[in-house]
Amino acid sequence: MTRIQALRILAVTAAAAAVLQITAFGRSRAPVMQTFPDPTGEFRTYSSAGFDGRNLFFQSAGTNGRSCVTCHQPNDAWTIIPSHVQARFDATGGLDPIFRTNDGSNSPLADVSTIEARRNAYSMLLSKGLIRVGIGVPANAEFELIGVDDPYGYASAKELSLFRRPLPSTNLTALATVMWDGRETFPGQTIHFDLTDQANGATVGHAAASDPLSSDQREEIVRFETSLYTAQATDFAAGDLQAQGGRGGPVQLSVEPFFIGINDPLSPGYNPTSMSLYDSWTRFRRSNRDRYTPARESVARGEVLFNSLPIQISGVRGVNDVLGQEVITGTCTTCHNAPNIGNHSVSLPLDLGISSEERRTPDMPLYTFRNKTTGETIKTTDPGRALITGKWSQISLFKGPILRAVAARAPYFHNGSAATLEDVVKFYNERFKLELSEQQKKDLVAFLRSL
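The structure displayed is predicted, hence computed values, not measured ones. (Residues numbered from 1 in each chain as written. Predicted model: local features only at pLDDT ≥ 70, side-chain atom pairs only at ≥ 80, totals over all residues. Heavy atoms only, no water.)

Student: Account for the overall build of the protein, naming residues and giving values.
Tutor: Check the secondary structure of the protein and you find 13 helices and eleven strands. In terms of C-alpha radius of gyration, the protein reaches 22 Å, essentially the compact-globule figure of 22 Å for 451 residues. Projecting the C-alpha coordinates of the protein onto the three principal axes gives extents of approximately 65 × 55 × 40 Å. The buried share of the protein, taken over its 451 residues, is 55%. Sequence separation of 24 or more characterises 67% of the internal contacts of the protein that already satisfy a separation of 6 or more. Here the protein has roughly 18,900 Å² of accessible surface; of this, 53% comes from carbon and sulfur atoms. (Helix = DSSP H or I, 4+ residues; strand = E, 2+ residues; numbered from the N terminus. Rg over C-alpha atoms; globule rule 2.2 N^0.38 Å. Buried < 20%, exposed > 50% of the residue type's maximum accessible area, 1.4 Å probe, protein only. Contact = heavy atoms within 4.5 Å. Areas by Shrake-Rupley, 256 points an atom, 1.4 Å probe, with all protein chains shown as cover.)

Now the structure itself:
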């Protein structure tokens, strides 16, 4: 059996053999590498500070048994994936700390008295890895909530139920915005400050702590989180992602430069060719070809498409309306512009239509908002940043996530509405009428898998 075959078997059986909650990494404070299988190969996490299981990240600091690692599992690329959540449910009868009604269930009033009741109560968490975020309409909002269709019978203007994927707690040194809706990003503060506030908010909220964390405790968590770098390392088809000049994997990622605005698309120095990890795979000599070459060439073609495929960007609130341009010609890297990282290099929340009424599924609430001044209405499954700012123009605006290790953490988008990377590419192809060929779709997926 080859190593790649063994990894494939591990990936297929990962749900059944999942580590339910990895809390014992030993006490190493030297740089450490951890490797885990995922559906397309393996990813690795490099920690420049080591994995110390005594760090508060791994310890319960609240009242409901949760810690940071409860929803940010190392073997899930520091988030959670449905198959492993299901394994935790099966192993504990739905009593693992992740299954708590304050935000794990579809409603905080859900019946959790039996195993079957718990299975129903936590269906969004089990099926899509979604946590319920409860946020009310701000008192000074430019809009009002005039309609609620909540299949779980709980949401109101006082507390909307917003179902979102936990963002990975890795690669955080490349963040421009903290949280999907930016609620932990504060004007005039550093990302480090934002992360310390987020660590406290998560402990008080998700872990139901009775007291806020001290400054030292917040720093302890953030010090560990910001030492983590996670990226895909091998691919079943393309093999070792560092072979033949490839620059995949977390060690290379850990030295990629980043600062806020490093490749701002509105700045004079913007470079749309922001991805260059697999440039060397565009040109193989005859003597260097092997069984991995066709897959590596697909990855390289996908990278070129990601950098250069023209996209007529229209109807995207947060961009077209802000710039006053009905159509903007861009590429994937207009938004995913941080070099070799793939997130926004500036804070740039967007509405791509992910939360639109047209894309609503029966398991999602639907909210109707009315502009207090104009009377205009919008229907959405999640008003996003608007619940933080109260601004009508920011309804359903969300940040873009870091793309590294994306193959390990399906489903995708803030609400888990894309089950696979193929579904992600399909969404963009249809949304912007790209008319991609079947080969182009495969090449883009191959590139995304390699990140």
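Student: Residues and numbers for the packing of aromatic side chains, please.
Tutor: The description of an aromatic ring pair uses the distance of the two centres, along with the angle that the planes make with each other. Counted by the stated rule, this structure contains 21 aromatic pairs. Taken together, a centroid distance of 6.2 Å and an interplanar angle of 25 degrees make the contact between F51 and W78 stacked. On the criterion of sequence distance, the pair formed by F51 in the loop between β2 (41–47) and α2 (68–71) and W78 in the loop between α2 and α3 (82–92) is long-range, its members being 27 residues apart. Measuring from ring centre to ring centre gives 5.1 Å for F57 and F224, while their planes differ by 50 degrees; the resulting arrangement is tilted. With F57 in the loop between β2 and α2 and F224 in helix α7 (residues 215–225), this residue pair connects regions lying 167 residues apart in the sequence. We note that F57, like F224, is buried. Taken together, the ring pairs connect F51, F57, F58, W78 and F224 into an aromatic cluster. (Phe/Tyr/Trp six-rings, centres within 6.5 Å; stacked < 30°, edge-to-face > 60°.)

Student: If you had to explain the nonpolar core to someone new, which residues and values would you point to?
Tutor: Counting residues in each nonpolar core, the largest one holds 44 residues, and the members touching the most others are W281, F306 and L448. Put simply, the parts of the chain that give this core at least two residues each are α9 (293–308), β8 (311–314), α12 (421–431) and α13 (438–449). Those residues in contact with W281, other than ones at most four positions away along the chain, are A238, D240, L241, A243, Q244, G245, G246, R296, E297, V299 and A300. L175, M179, L195 and I402 belong to the second-largest nonpolar core, a separate cluster that totals 16 residues. (Core = buried A, V, L, I, M, F, W, Y, C linked by side-chain atoms within 4.5 Å.)

Student: So what's going on with the environment of Q217? Which residues, and what values?
Tutor: With respect to the helices and strands, Q217 occurs in helix α7. For the pair Q217 and L56, spaced 161 residues apart in the sequence, the C-alpha separation amounts to 7.1 Å.

Student: I'd love a proper account of the sheet that holds strand β10 (residues 366–371), names of residues and values included.
Tutor: Taken in spatial order, the three strands of this open sheet run β4-β10-β11, and their pairing is antiparallel. Unpaired on one side and paired on the other, β4 (143–149) and β11 (377–380) mark the two borders of the sheet. Looking at each pair of strands side by side, their axes are set apart by 20 degrees on average, direction ignored. Relative to β10, β4 runs antiparallel, the two being bridged by six bridges. When the bridges of β10 are listed, F143 appears paired with N371. (Pairing = 2+ DSSP bridges. Axes fitted to C-alpha atoms, helices over the stretch in contact; angles between N-to-C directions.)

Student: Go over α12, please, and point to the residues and values.
Tutor: Within α12, burial applies to L421, V424, V425, F427 and N429. Lining the buried residues of α12 we find α13. The opening residue of α12 is T420, an N-cap whose side-chain oxygen sits 3.3 Å from the backbone nitrogen of E422. The positive-phi residue at the C-terminal boundary of α12 is K433, with phi of around 50 degrees. (Polar contact = N/O pair within 3.5 Å; in protein donor to acceptor, adjacent residues only side chain to side chain.)

Student: Describe the confidence of the model for the protein, listing the residues and the values that go with them.
Tutor: Mean pLDDT over the protein: 93, with 93% of residues reaching 70 or higher. Taken together, the stretch residues 1–24 has pLDDT below 50 and engages in 49 contacts with residues farther than four places along the chain or on a different chain. (pLDDT = per-residue confidence, 0-100.)

Student: So what's going on with the sheet that holds β2? Residues and values would help.
Tutor: In sheet architecture, strand pairing relies on hydrogen bonds along the backbone and comes in two forms, parallel and antiparallel. Spatial ordering of the open sheet is given by β1-β2-β6-β7, a layout of four strands whose pairing is antiparallel. The two strands at the open ends of the sheet, each matched to only one other strand, are β1 (32–38) and β7 (239–240). As judged from the seven bridges shared by β1 and β2, these two strands associate in the antiparallel manner. Across the sheet, residue Q34 finds its bridge partner in β2, namely T45.

Student: Outline unusual backbone geometry, listing residues and values.
Tutor: With omega at 5 degrees, the peptide bond leading from A410 into P411 counts as cis. Positive phi, normally seen in glycine, also occurs at A208, with a value near 55 degrees.

Student: Requested: an account of the side chain of N64, with residues and values cited.
Tutor: By the secondary structure assignment, N64 is in the loop between β2 and α2. Polar side-chain contacts of N64 include one of 3.2 Å to the backbone nitrogen of R66. Looking at N64, its side chain comes within polar contact range of the main-chain oxygen of H206, at 2.9 Å.

Student: Outline the packing of helix α6 (residues 191–205) against α7, supporting the account with residue identities and numerical values.
Tutor: For the pair α6 and α7, interaxial distance at closest approach is 9 Å and the crossing angle is 110 degrees. Relative to α7, the element α6 is oriented roughly perpendicular. The crossing of α6 and α7 is right-handed. Together, H192, L195, T196, D197, A199 and N200 of α6 and R218, E219, I221 and V222 of α7 make up the contact between the two elements. (Parallel < 35°, antiparallel > 145°, perpendicular 65-115°, else oblique. Left-handed = near helix turned anticlockwise from the far one by under 90°.)

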